[in-house]
Amino acid sequence: MKCPFCQHADTQVLDTRVSEEGDVIRRRRRCGKCDKRFTTFERIELVMPTVVKKDGSRTEYVAAKLRGSLMLALRKRPVAAASADAAILAIEEKLLTSGKREIDSGYIGELVMQELKRLDKIAYIRFASVYKNFEDLAEFQDAIAEVGNERKP
């Protein structure tokens, strides 16, 4: 670690402490050249993968888009906000733990559909109708039958 005062590369760690939450490490350092002290902080940096759209273009992941899509499907449905937030966190965790630098937008859509199917069948049908671009009544009937068949043993 370079000294912020004299730019010397030789610094010594005097003290290391972990935050109460356990997500930050604080280090007290001393420069070997100018003898000045300074503090550094070490945090985990999680980077969401880049989203590859259907047309092949790439864009950064935007959490607001995921939340907006999910909330639109759940609009006027009896699903608690905490459940919707938990679904969003579950999707984002799957994206982070995938270990991939790029994720196909279709994969994100499938994750959303899985969570909606678990939360609310009507919201699932709403989302699927737009996501899968239903063009006739038969496609709706197939989606409804798929959700309806899950209840039967």
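Conventions we followed
Residues numbered from 1 in each chain as written. Predicted model: local features only at pLDDT ≥ 70, side-chain atom pairs only at ≥ 80, totals over all residues. Heavy atoms only, no water. Axes fitted to C-alpha atoms, helices over the stretch in contact; angles between N-to-C directions. Helix = DSSP H or I, 4+ residues; strand = E, 2+ residues; numbered from the N terminus. Left-handed = near helix turned anticlockwise from the far one by under 90°. Contact = heavy atoms within 4.5 Å. Salt bridge = Lys/Arg side-chain N within 4 Å of Asp/Glu carboxyl O. Buried < 20%, exposed > 50% of the residue type's maximum accessible area, 1.4 Å probe, protein only. Core = buried A, V, L, I, M, F, W, Y, C linked by side-chain atoms within 4.5 Å. Polar contact = N/O pair within 3.5 Å; in protein donor to acceptor, adjacent residues only side chain to side chain. Parallel < 35°, antiparallel > 145°, perpendicular 65-115°, else oblique. Nonpolar A, V, L, I, M, F, W, Y, C, P; charged D, E, K, R; others polar.

Caption draft 1: Seen up close, the packing of helix 2 (residues 81-97) against helix 3 (residues 105-119). Packing of helix 2 against helix 3 leaves a shortest axis separation of 10 Å and a crossing angle of 145°. Between helix 2 and helix 3 lies a crossing whose hand is right-handed. Between helix 2 and helix 3, the contacting residues are S83, A84, A87, A90, I91, K94 and L95 on the first element and Y107, I108, L111, V112, Q114, E115, R118 and L119 on the second.

Caption draft 2: Seen up close, the pattern of salt bridges. Using the criterion set out here, one finds nine salt bridges in the structure. A salt bridge links D120 to R77; the shortest N-O distance between them is 2.9 Å. On the criterion of sequence distance, the pair formed by D120 in the loop between helix 3 and helix 4 (121-131) and R77 in the loop between helix 1 (63-73) and helix 2 is long-range, its members being 43 residues apart. D120 gets classed as buried once you look at its relative accessible area, which sits at 9%. A single salt-bridge network, built from bridges that share partners, covers D15, R17 and R26.

Caption draft 3: Expanded view of the nonpolar core. If you look at the biggest cluster of nonpolar residues, it comprises 27 residues, and the most contacted ones within it are L66, L70, L74, L95, I108, V112 and L116. At the level of secondary structure, the elements contributing two or more residues to this core comprise helix 1, helix 2, helix 3, helix 4 and helix 5 (137-149). When residues of this core are assigned to their parent elements, the largest contribution, six residues, is made by helix 3. Apart from the residues within four sequence positions on either side, L95 is in contact with M48, P49, Y61, I103, Y107, I108 and L111.

Caption draft 4: A look at unusual backbone geometry. Positive phi is not limited to glycine here, since D35 has a value of about 70°. Unusually for a residue other than glycine, K76 sits at a positive phi of about 60°. Mapped onto the elements of the fold, K76 is located in the loop between helix 1 and helix 2. Accessibility expressed as a relative area gives 73% for K76, which makes it exposed.

Caption draft 5: Here's a closer look at the environment of R27. In this fold, R27 is placed in strand 2 (residues 24-31). Separated by 11 residues in sequence, R27 and F38 place their C-alpha atoms 8.5 Å apart. In contact with R27, not counting residues within four places along its chain, are V13, D15, T16, F38, T39, T40 and E42. At 3.2 Å, the side chain of R27 and the side chain of T16 are in polar contact.

Caption draft 6: Fine view of the packing of helix 1 against helix 2. Packing of helix 1 against helix 2 leaves a shortest axis separation of 11 Å and a crossing angle of 135°. The pairing of helix 1 with helix 2 is recorded here as oblique in orientation. Note that helix 1 runs across helix 2; the crossing there is right-handed. Across the interface between the two elements, A63, L66, R67, L70 and M71 of helix 1 pack against A84, D85, A87, I88, I91 and E92 of helix 2. Looking at the contact of helix 1 with helix 2, its residues break down into eight nonpolar, no polar and three charged.

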